[in-house]
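So the chains spell out like this:
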Amino acid sequence: MTCALHEAGDIHLYFIPNLKLIFCGIPKVGSTEWLKFFRYTWGANDYPSHPHYKVDRSLFLMKNLPIEKAQEILNDPTYTRAVFLRDPAERLLSAYLDKFKHGAYSKKIKEYDKVHAKDGQSPFMKGNKISFQEFVNTLSHPVVLNSKSCMGKGVIGLHKCTDVHWRSQKKICGLDGMLPLYDFVGDFAKIGNHSKLLLQQLGAWDTWGRNYDRGPPEQGKEKMQCNVPAQKRNESSVDPGPGFNQIPPAVHISKSKEKFEKYYTPELLSKVRKLYAMDYAIYDEIQKWKRDSSSDDHVVPAAYRLESIKKSCDGI
């Protein structure tokens, strides 16, 4: 692991010693639920609550380790290296709906517009809320990065400083350099079955995964003052069973499809596929790999088995 890759891990690359797991938690790809699960295995009674600003989260970030120790863990054959990837267009829409449609990120682009407006005309936004098409247009805008600081450069263009919620997935956790090392590349579209499969491979399903909905583990009750009831999960016809599975109810799946069709025209989808061509090269191959395998839901590829990854292995 080079210094650059160590720094690239930022706040999304975790090591979980009790599970022997290195996990890249990509925003908008189920990372929040996985953080809740990790905190559950650590004995946190408040594990169903929002995990991103908890003190214990920082204890398991690879970036907080000395680089020699991070390298040792990364090369440890007893650790499993896992990541979940998502259809880039679906992830982009999810980020837009969360941060712009229902959030306050439009203000950030509005501030950018004030600085770069020509003849009083905003280069990106016509109103106070940016539309999805306007948002996609900002992604192809060239941005000059002439300093190491990413301050104020995350809302326009696609580059290393792009806001992590819609940054290329391959540009998170140093995946552009380390993805060939990953043993488990799960698919967000199958996150229920693939989450269970990963925990089974880790030997953690029966001890942790199966009991996730039943409240905090006994050893955690004495460690934590905060006691938050376990969250109730909706069941659906495709739910593989109780426990940590992240399967959304069928109505949510239906609404997600409706939203996709509402916001994407064929032309806009084509533009997004070109913008995220690097991510789609990998994601499309995962879909093909699963179709060619004997069991679509219960086989997950290691990264080195994918042709698009093999081509990038030279020199790593």
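Structure's up top.
What counts, and at which threshold
Residues numbered from 1 in each chain as written. Predicted model: local features only at pLDDT ≥ 70, side-chain atom pairs only at ≥ 80, totals over all residues. Heavy atoms only, no water. Helix = DSSP H or I, 4+ residues; strand = E, 2+ residues; numbered from the N terminus. Buried < 20%, exposed > 50% of the residue type's maximum accessible area, 1.4 Å probe, protein only. Areas by Shrake-Rupley, 256 points an atom, 1.4 Å probe, with all protein chains shown as cover. Pairing = 2+ DSSP bridges. Axes fitted to C-alpha atoms, helices over the stretch in contact; angles between N-to-C directions. Contact = heavy atoms within 4.5 Å. Phe/Tyr/Trp six-rings, centres within 6.5 Å; stacked < 30°, edge-to-face > 60°. Lys NZ or Arg CZ within 6 Å of the ring centre and 35° of its normal. Patch = residues over 30% accessible without salt bridge, like charges linked within 9 Å, V, L, I, M, F, W, Y side chains within 5 Å. Salt bridge = Lys/Arg side-chain N within 4 Å of Asp/Glu carboxyl O. Lys, Arg positive; Asp, Glu negative; His and termini not counted. Charge placed at Lys NZ, Arg CZ, Asp CG, Glu CD. Core = buried A, V, L, I, M, F, W, Y, C linked by side-chain atoms within 4.5 Å. Disulfide = S-S within 2.5 Å. Parallel < 35°, antiparallel > 145°, perpendicular 65-115°, else oblique. Left-handed = near helix turned anticlockwise from the far one by under 90°. Nonpolar A, V, L, I, M, F, W, Y, C, P; charged D, E, K, R; others polar.

*Asks:* Honestly, the overall build of the protein in this entry has me stumped. Any pointers?
*Replies:* From N to C terminus, the protein includes 14 helices and 4 strands. Within the protein, the proportion of its 316 residues that are buried is 49%. Surface accessibility of the protein: about 16200 Å² in total, with carbon and sulfur atoms responsible for 52%.

*Asks:* Whenever I open this one, the sheet that holds strand β4 (residues 184–187) confuses me. Can you help?
*Replies:* Backbone-to-backbone hydrogen bonds pair the strands of a sheet. The strands run either parallel or antiparallel. Overall, mixed pairing links the 4 strands, which are arranged β1-β2-β3-β4 in an open sheet. Here the strands that pair on one side only, and so sit at the sheet edges, are β1 (13–16) and β4. If you compare each strand with its neighbour and ignore which way they point, the axes differ by 20° on average. Sheet topology places β1 next to strand β2 (residues 21–24); 4 bridges connect them, and they run antiparallel. Residue pairing in the sheet places I16 in a bridge with L21 of β2. On the sheet, helix α13 (residues 277–292) packs against β3 (80–85) and β4 and is oriented at approximately 90° with respect to β4.

*Asks:* Would you take a moment to explain the packing of aromatic side chains for this structure?
*Replies:* Centre distance and the angle of the planes are the two values used to describe a pair of aromatic rings. Under the criterion given, the structure shown has 31 aromatic pairs. Between Y40 and Y212 the ring centres are 5.3 Å apart and the planes differ by 85°, which places this aromatic pair in the edge-to-face class. With Y40 in helix α2 (residues 31–41) and Y212 in the loop between α9 (205–209) and α10 (218–221), this pair connects stretches of sequence that are 172 residues apart. An aromatic cluster of three or more residues is present, and its members are Y14, F23, W34, F37, F38, Y40, Y47, F84, F184, W208, Y212 and F244. One residue, R273, lies across the ring of Y280, its end atom 3.9 Å from the ring centre.

*Asks:* In this structure, what is going on with a positive patch on the surface? I would like to understand it.
*Replies:* Residues K101, K107, K129, K255, K259 and K262 make up a contiguous surface patch of positive charge. With respect to the element layout, K129 can be found in the loop between α5 (106–116) and α6 (132–139). On the basis of relative accessibility, which here comes to 49%, the residue K129 falls in the partly exposed class.

*Asks:* Please explain the environment of F84 as it appears in this structure.
*Replies:* On the secondary structure map, F84 appears in strand β3. For F84, a relative accessible area of 1% translates into the label buried. Along the sequence, F84 and Q169 sit 85 residues apart, while their C-alpha atoms lie 9.7 Å from each other.

*Asks:* How should I be thinking about the nonpolar core in this particular structure?
*Replies:* Generally speaking, a soluble globular protein has its nonpolar side chains buried in company with each other. Formed by 53 residues in total, the largest nonpolar core has its most connected members in L19, C24, W34, F37, F38, V83 and Y182. Ranked by the residues each element gives to this core, the list is headed by α2, at 5 residues. Membership of the second largest hydrophobic core comes to 23 residues, among which are F100, I109, I156 and L268.

*Asks:* Teacher, can you tell me more about the state of the cysteines here?
*Replies:* The bond known as a disulfide is covalent and runs between the sulfur atoms of two cysteines. Summed over all chains, the structure comprises 1 disulfide. For C24, the disulfide goes to C173, at an S-S distance of 2.2 Å. Sign of the S-S torsion, about 95° for the bond between C24 and C173, identifies this disulfide as right-handed. Here C24, found in strand β2, pairs with C173, found in the loop between α6 and α7 (175–178); they are 149 residues apart in sequence, far enough to count as distant.

*Asks:* Got a minute to help me understand the environment of P301 in this structure?
*Replies:* With respect to the helices and strands, the residue P301 is situated in the loop between α13 and α14 (307–310). A sequence separation of 11 residues divides P301 from K290, and the C-alpha atoms of the two residues are 8.1 Å apart.

*Asks:* Sorry, what's going on with α6 here?
*Replies:* Residues separated by three or four positions in an α-helix point in the same direction, a consequence of the helix having 3.6 residues per turn. Judged by how many residues are buried, α6 sits mostly within the fold: 6 of 8 residues are covered. Taken together, the buried positions of α6 are occupied by F132, E134, F135, V136, T138 and L139.

*Asks:* Please explain helix α8 (residues 191–201) as it appears in this structure.
*Replies:* Burial analysis of α8 places 9 of its 11 residues in the buried class, the great majority of the element. Of all the residues in α8, the buried ones are I191, G192, N193, H194, S195, K196, L197, L198 and L199. Buried residues in α8 make contact with α2, β3, β4, α9 and α13.

*Asks:* Just checking my understanding: could you explain the packing of α6 against helix α12 (residues 266–275) for this structure?
*Replies:* Axis angle and axis distance: for two packed helices, these are the angle between their axes and the distance between the axes, and together they describe the pair. Look at α6 against α12: their axes get within 11 Å of each other, and the N-to-C directions meet at 30°. When the axis of α6 is compared with that of α12, the two are roughly parallel. α12 is crossed by α6, and the crossing has left-handed handedness. On α12, the residues touching F132, Q133, V136, N137 and L139 of α6 are L268, K271, V272 and L275. Here the residues of the contact of α6 with α12 sort into 6 nonpolar, 2 polar and 1 charged.

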